[in-house]
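Structure assessment
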Amino acid sequence: MALMGTVPRRCVNLPPGSLRTLVSCVLGDKVQEGPDLEQFQEKFGEWLGVPYVFGASAGRSAFQLALEALGLEKGKEIIFPILTFPVMPMVAKILGYEPVFCEVDPDTFNSGPEHIESKISDNTGAVLATHLFGQPCPVRELVALADEHNIRVLEDCAHACGVRVDGQQVGTFGDIGIFSFAEGKNMPCFGGGAIATADDEIAQRAREVLAKAPMPAKGAITKEAVTIWAKWLLTRPSVFGMTAYPVLRLKLLSGKPLMDSAVGNELLEEFISTNPRVSRLSNLQAAIGLLQLKHIDSFNEGAKRNARLLTEQLGEVEGLKAPRALAGDHIYVYYPLTLAPDRRDDLRHYLLRHGIDSKTTDMADCSALKPFREREYTEDKQKGPSEASILEICVYPVISENKIRRIARVIRAWAGLPEKVNGER
Ligand SMILES: Cc1ncc(COP(=O)(O)O)c(C=O)c1O
């Protein structure tokens, strides 16, 4: 078993000082309330370039806060990309809005005006500009289209914290930007999320919603923080090779599932059972957020560097598409490879046998999911890219350049190609 040189499917990116902050918040009784929340909201706003930021307990909770603060009339349609994290259209549905799905570009997985325009109706209230996998969508063009039709723009920046388009941060182009600080994102804060806005009225309503929103229990916040810290430890490449990796190899050998999280309909059922509502960001999460702000730009640069190296070292591999950075910045929160669905698991298993874990995506073709299938607008059998064709590789800077080169070599060997020498296509 390849214990050395292993690569986890995702590395939790906690900043230095996280454990110390966790311990001091617990000992100083500053897990729920404390001075860091205000400070983080202010500093995050400054970094983004917006006057208002409001924390929430997760990205999904932030989206709920965004919709409540936006105050669209119930029954309005909200346009989402067909390939997205399905909890987001589910939040809209729970709040009484009609999710409508538009196509995405198969190269970028993002939607632009050309995909959205035909879905705009007299009843459209908003569009969710989603920056998937760390690549910005054509947000300026999308805002221009929305302005023409007098509809609001929300930006899903769960995968895009720190992405700039012509120097301007995503999340600041539309009416509201939505951020996630969950463990699998680039800026985890022991969980959490936030909205950003420059609109005074939205900010006032967000304040009112949050004034009535609960703070999760101290025990629950602490437990989540300890669990995420443990995952940070287990996903250090050196520790991973001696802990989770052997378990995964044994599972692979015995034909058992590879510890994947719930996706699609199962994920939506789990989510609905949590009785979703807006709840607040804790002081502990905000304290980690303050630490993250010192590191996030250099972290994103490191992921970008690794992604570029991987793409270069992979070269042309028949039947396999590397992610393409088309315009603007791409921070590769995930590095999605695309291949025929019936070959994906073969590649995944081959990689795992060679020490490289990879991840099936949590994104889903929403038109295929139960809660959204009932609706009329999916009867035209619109289809998004199949989630079964996507395999995510971790390119976070904690993965060394040598390992990135090795990932490329292993993928090329799987495809029957020789190792690439510099300059070769
Ligand atoms: C694109 C996208 N939007 C929103 C979210 C929701 O974030 P959270 O898990 O913090 O609720 C996710 C989570 O994976 C996501 O992938």
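Residues numbered from 1 in each chain as written. Predicted model: local features only at pLDDT ≥ 70, side-chain atom pairs only at ≥ 80, totals over all residues.

Attention now moves to the overall build of the chain. Broken down by element type, the chain carries 16 helices and 15 strands. The C-alpha extent of the chain, read off along each of the three principal axes, is 60 × 55 × 40 Å. Counting across all 425 residues of the chain, residues that qualify as buried make up 49%. Of all intrachain contacts in the chain linking residues separated by at least 6 positions in sequence, the fraction that spans at least 24 positions is 77%. (Helix = DSSP H or I, 4+ residues; strand = E, 2+ residues; numbered from the N terminus. Buried ≥ 20, exposed ≤ 12 C-beta atoms within 10 Å, placed from the backbone. Contact = placed C-beta atoms within 7 Å.)

Turning next to the sheet that holds strand E15 (residues 390-393). Neighbouring strands of a sheet are bound in pairs by backbone hydrogen bonds; such pairs are parallel or else antiparallel. Pairing is antiparallel in the open sheet, where four strands are placed in the order E11-E12-E15-E13. A strand with exactly one partner marks an edge of an open sheet, and here the two such strands are strand E11 (320-321) and strand E13 (359-360). (Pairing = 2+ DSSP bridges.)

Time to look at the site of the ligand. Taken together, 15 residues form the shell around the ligand, and within it Gly59, Arg60, Phe85, Ala158 and Ser180 come nearest. Here the shell around the ligand is composed, by residue class, of six nonpolar, six polar and three charged. (Near = placed C-beta within 6 Å. Nonpolar A, V, L, I, M, F, W, Y, C, P; charged D, E, K, R; others polar.)

The seven strands lie next to each other as E1-E10-E9-E6-E5-E2-E4, forming an open sheet whose pairing is mixed. At either margin of the open sheet sits one strand with a lone partner, and together these are strand E1 (52-56) and strand E4 (98-102). Here the strands of the sheet are splayed against their neighbours by 25 degrees on average, with no regard to which way each runs. When strand E2 (residues 77-81) meets strand E5 (residues 124-130), the two strands line up parallel, connected through three bridges. By the bridge assignment for E5, isoleucine 78 is matched with alanine 126. Each of E5 and strand E6 (152-156) is contacted by helix H6 (residues 139-148), which is oriented at about 155 degrees to E6, the strand it contacts most. (Axes fitted to C-alpha atoms, helices over the stretch in contact; angles between N-to-C directions.)

Let's shift gears to the environment of leucine 234. Mapped onto the fold, leucine 234 is located in helix H8 (residues 218-234). A C-alpha to C-alpha distance of 9.0 Å links leucine 234 and proline 8, two positions 226 residues apart in sequence. If near-sequence neighbours (up to four positions away) are discounted, leucine 234 is found in contact with Val239, Phe240, Thr243 and Ala244.

On to unusual backbone geometry, then. Residue phenylalanine 109 is not a glycine yet carries a positive backbone phi of 65 degrees. Inspection of the secondary structure assignment puts phenylalanine 109 in the loop between E4 and helix H5 (113-116). Within the chain, asparagine 150 stands out as a residue other than glycine whose phi angle is a positive 60 degrees. The exposure class assigned to asparagine 150 is exposed, which follows from the 8 C-beta atoms found within 10 Å.

This part is about the nonpolar core. A general tendency of soluble globular proteins is for nonpolar side chains to be buried together. Counting 119 residues, the largest nonpolar core has Ala62, Ala66, Val127, Ile178, Ala194, Ile195 and Val395 as the members making the most contacts within it. Considering each element in turn, this core owes the most residues, seven residues, to helix H3 (residues 59-70). Once residues within four sequence positions are removed from consideration, alanine 66 is found in contact with Leu154, Ile176, Ile178 and Ile195. (Core = buried A, V, L, I, M, F, W, Y, C linked by C-beta atoms within 7 Å.)

Most of strand E10 (residues 193-197) sits inside the fold, with five of its five residues counted as buried. Along E10, one buried face is formed by Gly193, Ile195 and Thr197 and the opposite face, lined by Ala194 and Ala196, is buried too. Here E1 runs beside E10; their pairing, made up of five bridges, is antiparallel. Of the residues in E10, the one forming a bridge with phenylalanine 54 is isoleucine 195. By the bridge criterion, four bridges tie strand E9 (residues 176-180) to E10 in an arrangement that is antiparallel. What sits directly across from glycine 177, in E10, is alanine 196.

Another point: the packing of H3 against helix H4 (residues 87-94). Taken N-terminus to C-terminus, the directions of H3 and H4 make an angle of 40 degrees; their axes are 10 Å apart at the nearest point. By the criterion of interaxial angle, the relationship of H3 to H4 is oblique. Helix-helix and strand crossings are classified by hand; for H3 and H4 the assignment is right-handed. Contacts between H3 and H4 pair Arg60, Phe63, Gln64 and Leu67 from the former with Val87, Met88, Val91 and Ala92 from the latter. Of the residues assigned to the contact of H3 with H4, the class counts are six nonpolar, one polar and one charged. (Parallel < 35°, antiparallel > 145°, perpendicular 65-115°, else oblique. Left-handed = near helix turned anticlockwise from the far one by under 90°.)

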